[in-house]
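# Working through the structure, step by step
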Amino acid sequence: MKKSVRKAVIAGNWKMNKTPSEASELIKQIAEKAEGKNGCEVVLCVPFVDLCAASDAAKGTNVKIGAQNVHFEEKGAFTGEISVSMLKEVGAEYVIIGHSERRQYFGESNETVNKRVKAALAGGLKVILCVGETLDEREKGITGETVSVQTKIALLDVDSEALKNVIIAYEPVWAIGTGKTATADQAQEVCAKIREVLADKYGNDAAEATTIQYGGSMNAANAAELLAKVDIDGGLIGGASLKSEDFGVIIDAAQ
Ligand code: PEP
């Protein structure tokens, strides 16, 4: 199987930006850019409180809506948390799990990432699973080991059928929100490594069928070069997903 038959997915991670009314406005603008661009799936992962407005605004367009995290328990005394069924009811189809900002600021570990991945998949959400090395890990020469361990633990007890609903986003931590992008060759090397890890666990066919994104300061100027790489099937985009013009250029680059 070749890159051309994998689903290209361009996903925006809005982080803690946009109120519900601002979200509706921006989704309308992005939906115009995405109209008729059937060469890739376009997903916007918005703050929890924006989900209702975002789902309404995306109705009838080819923009899908996602959340940025989910708790692994179904319900109960978990103040401030949100469950899979809550997300589904307000129209989320996707959820980002294991973003480096959650790992860095909110105590997310490989083990809790695994719990969230399993709960999301069991409840029918599609998962965008983030992995990536810090600058220190890259400088120590342990990028491959780091992303392998993150990927393996996140996917413990996830079978090949469930893997069909998983996208892996390779996001070097040093490239997120910094304006520093991994070179296309650096990004390709690590995405290929992730595919190797998947092949070891699930076999070549499943690995070749899995969408792997690059994320980390992807923008209108560098998207085409990154997306041309054989193992980079899409992007997870922070800053540039808040500007419809720039995000539109990235969608076009993925066609
Ligand atoms: C992200 O938040 O996943 C991300 C890649 O952010 P940025 O594009 O701003 O680096």
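Residues numbered from 1 in each chain as written. Predicted model: local features only at pLDDT ≥ 70, side-chain atom pairs only at ≥ 80, totals over all residues. Heavy atoms only, no water.

Bringing the packing of helix α1 (residues 20–34) against helix α12 (residues 244–253) into the picture now. Where α1 contacts α12, the axes come no closer than 9 Å and their chain directions differ by 30°. Considered as vectors, α1 and α12 are oriented roughly parallel to each other. Judged by the twist between their axes, the crossing of α1 over α12 is right-handed. Mapping the contact onto sequence places Leu26, Gln29, Ile30, Lys33 and Ala34 in α1 and Ser244, Glu245, Phe247, Gly248 and Ile251 in α12. Class assignment of the residues belonging to the contact of α1 with α12 gives a composition of 5 nonpolar, 3 polar and 2 charged. (Axes fitted to C-alpha atoms, helices over the stretch in contact; angles between N-to-C directions. Helix = DSSP H or I, 4+ residues; strand = E, 2+ residues; numbered from the N terminus. Parallel < 35°, antiparallel > 145°, perpendicular 65-115°, else oblique. Left-handed = near helix turned anticlockwise from the far one by under 90°. Contact = heavy atoms within 4.5 Å. Nonpolar A, V, L, I, M, F, W, Y, C, P; charged D, E, K, R; others polar.)

Each packed pair of helices is defined by two parameters, the angle between the axes and the distance between the axes. Direction vectors running N to C along helix α7 (residues 143–154) and helix α9 (residues 184–202) enclose 45°, while the axes themselves pass 10 Å from each other. As far as their axial angle goes, α9 and α7 are oblique. With respect to the hand of their crossing, α7 and α9 are arranged in right-handed fashion. Contact residues: α7 offers Thr143, Gly144, Val147, Ser148, Thr151 and Lys152, while α9 offers Val190, Lys193, Ile194, Val197 and Leu198. Grouping the constituent residues of the contact of α7 with α9 by class yields 5 nonpolar, 4 polar and 2 charged.

On strand β4 (residues 94–97), burial covers both faces: Tyr94 and Ile96 on one face and Val95 and Ile97 on the other are all buried. Where strand β3 (residues 63–67) meets β4, 2 bridges bridge the pair, whose relative direction is parallel. Each residue of the ladder has a partner; that of glycine 66, found in β4, is tyrosine 94. The parallel pair β3 and β4, bridged by helix α3 (residues 84–89), forms a crossover whose chirality is right-handed. Looking at chain direction, β4 and strand β5 (residues 126–131) are connected through 4 bridges and run parallel. Its bridge partner being in β5, isoleucine 97 is matched across the sheet by leucine 129. (Buried < 20%, exposed > 50% of the residue type's maximum accessible area, 1.4 Å probe, protein only. Pairing = 2+ DSSP bridges. Right-handed = clockwise from strand over helix to strand, strands pointing away.)

A few words on the side chain of serine 148. Note on placement: serine 148 falls in helix α7. Taking the relative accessible area as the measure of exposure, serine 148 reaches 9% and is therefore buried. Excluding residues that lie within four positions of it along the chain, serine 148 makes contacts with Lys193 and Val197.

Read these as geometric descriptors, not functional statements.
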